[in-house]
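# Understanding the architecture of this molecule
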Amino acid sequence: MKTHASEAAEERATLQLSQYLPYRLSVLSNTVSEAIARDYRSQFGLSVPQWRVIAVLSGEPGLSAKDVSARTAMDQVAVSRAVSKLLEAGYVQREGSQSDGRVSALFLTEAGQEVYGTVAPRALAFEEQLMAGLSPSERAELQHLLGKLASAVSPDKPLW
């Protein structure tokens, strides 16, 4: 026989996926990433992971693939595949690390820098278009809330 308390517990335990924050954030992130990816995919043949590697290396040249994975929260296999494709395409070059011969440092080539120089302004314009419906105070609140969520999930290490 179910009691009122056990029925209430069952009701609370029911996962409404459409209301579940991790799911909603994931779907939103994937949808936003795919929307901007259409542009750089059609022009340069880049995947989302490949663009992320380029974007990270533009600001932090000389990172290892492992460092890129940590900065982007992407799976190391996905980063490795992206790096391999970028090396083949001539957008990235690999150099042996001076401090550790087992680690390779990654750098954008001139072609990779040109891709970044073309895509980054478009990405920023896309972000501005996406945020256009938010007031300045809503934008600030969104940044604040994202920071709080990031701190809650990763209290010991900043996510960005």
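All of the points below concern the structure found in this document. (Residues numbered from 1 in each chain as written. Predicted model: local features only at pLDDT ≥ 70, side-chain atom pairs only at ≥ 80, totals over all residues. Heavy atoms only, no water.)

## Observations regarding helix H6 (residues 110–131)
With 22 residues, H6 extends 32 Å from end C-alpha to end C-alpha; this agrees with the ideal 32 Å at 1.5 Å per step. All buried positions along H6 are accounted for by Gly112, Val115, Val119, Ala120 and Met131. Where H6 is buried, its residues touch helix H2 (21–44), helix H3 (48–59), strand S2 (104–108) and helix H7 (136–153). (Helix = DSSP H or I, 4+ residues; strand = E, 2+ residues; numbered from the N terminus. Expected span 1.5 Å × (residues − 1). Buried < 20%, exposed > 50% of the residue type's maximum accessible area, 1.4 Å probe, protein only. Contact = heavy atoms within 4.5 Å.)

## A closer look at the side chain of serine 154
By the element assignment, serine 154 lies in the segment after H7. At 2.5 Å, the side chain of serine 154 forms a polar contact with the backbone oxygen of lysine 157. (Polar contact = N/O pair within 3.5 Å; in protein donor to acceptor, adjacent residues only side chain to side chain.)

## Brief notes about the packing of aromatic side chains
Applying the stated criterion across every chain, the model contains 2 aromatic pairs. Pairing tryptophan 51 with tyrosine 116 gives two aromatic rings, centres 5.8 Å apart and planes at 15°, and the pair type is stacked. Separated by 65 residues along the polypeptide, tryptophan 51 in helix H3 and tyrosine 116 in helix H6 bring together distant segments of the chain. Residue classification places tyrosine 116 among the partly exposed positions, given a relative accessible area of 30%. Following the ring pairs from residue to residue traces out a cluster consisting of Tyr40, Trp51 and Tyr116. (Phe/Tyr/Trp six-rings, centres within 6.5 Å; stacked < 30°, edge-to-face > 60°.)

## Considerations on helix H4 (residues 65–72)
Residues of H4 that are buried include every one of Val68, Ser69 and Thr72, and no others. Here the buried residues of H4 occupy an arc of 100° about the axis, which is enough to place them on one side. If you follow the buried residues of H4, they end up packed against H3 and helix H5 (76–89). (Arc of directions from axis to C-beta.)

## Regarding the packing of H3 against H4
Pairs of packed helices are described in terms of their axes, by the angle between the two and the distance that separates them. At their nearest, the axes of H3 and H4 sit 10 Å apart, and the two run at 100° to each other. In terms of axis orientation, H3 runs roughly perpendicular to H4. On H4, the residues that touch Arg52, Val53, Val56 and Leu57 of H3 are Val68, Arg71 and Thr72. Split into classes, the residues belonging to the contact of H3 with H4 amount to 4 nonpolar, 1 polar and 2 charged. (Axes fitted to C-alpha atoms, helices over the stretch in contact; angles between N-to-C directions. Parallel < 35°, antiparallel > 145°, perpendicular 65-115°, else oblique. Nonpolar A, V, L, I, M, F, W, Y, C, P; charged D, E, K, R; others polar.)

## Regarding the pattern of salt bridges
Considering all chains together, one arrives at 4 salt bridges under this definition. A salt bridge links arginine 71 to glutamate 60, with the shortest nitrogen-to-oxygen separation between them at 3.0 Å. One end of the pair, arginine 71, is in helix H4; the other, glutamate 60, is in the loop between H3 and H4, with 11 residues separating them in the sequence. In this structure, arginine 139 and glutamate 128 form a salt bridge, with 2.9 Å as the shortest nitrogen-oxygen distance. With a gap of 11 residues between them, arginine 139 in helix H7 and glutamate 128 in helix H6 connect regions that are remote in the sequence. Taking the relative accessible area as the measure of exposure, arginine 139 reaches 22% and is therefore partly exposed. (Salt bridge = Lys/Arg side-chain N within 4 Å of Asp/Glu carboxyl O.)

## A closer look at the nonpolar core
Counting 24 residues, the largest nonpolar core has Tyr40, Leu46, Val53, Ile54, Leu57, Val68 and Leu86 as its most contacted members. Elements that contribute at least two residues to this core include exactly H2, H3, H5, S2 and H6. With 6 residues, the single largest contributor to this core is H3. Discounting chain neighbours no more than four positions away, the residues touching leucine 46 are Tyr40, Arg41, Ile54, Leu86, Tyr91 and Val115. (Core = buried A, V, L, I, M, F, W, Y, C linked by side-chain atoms within 4.5 Å.)

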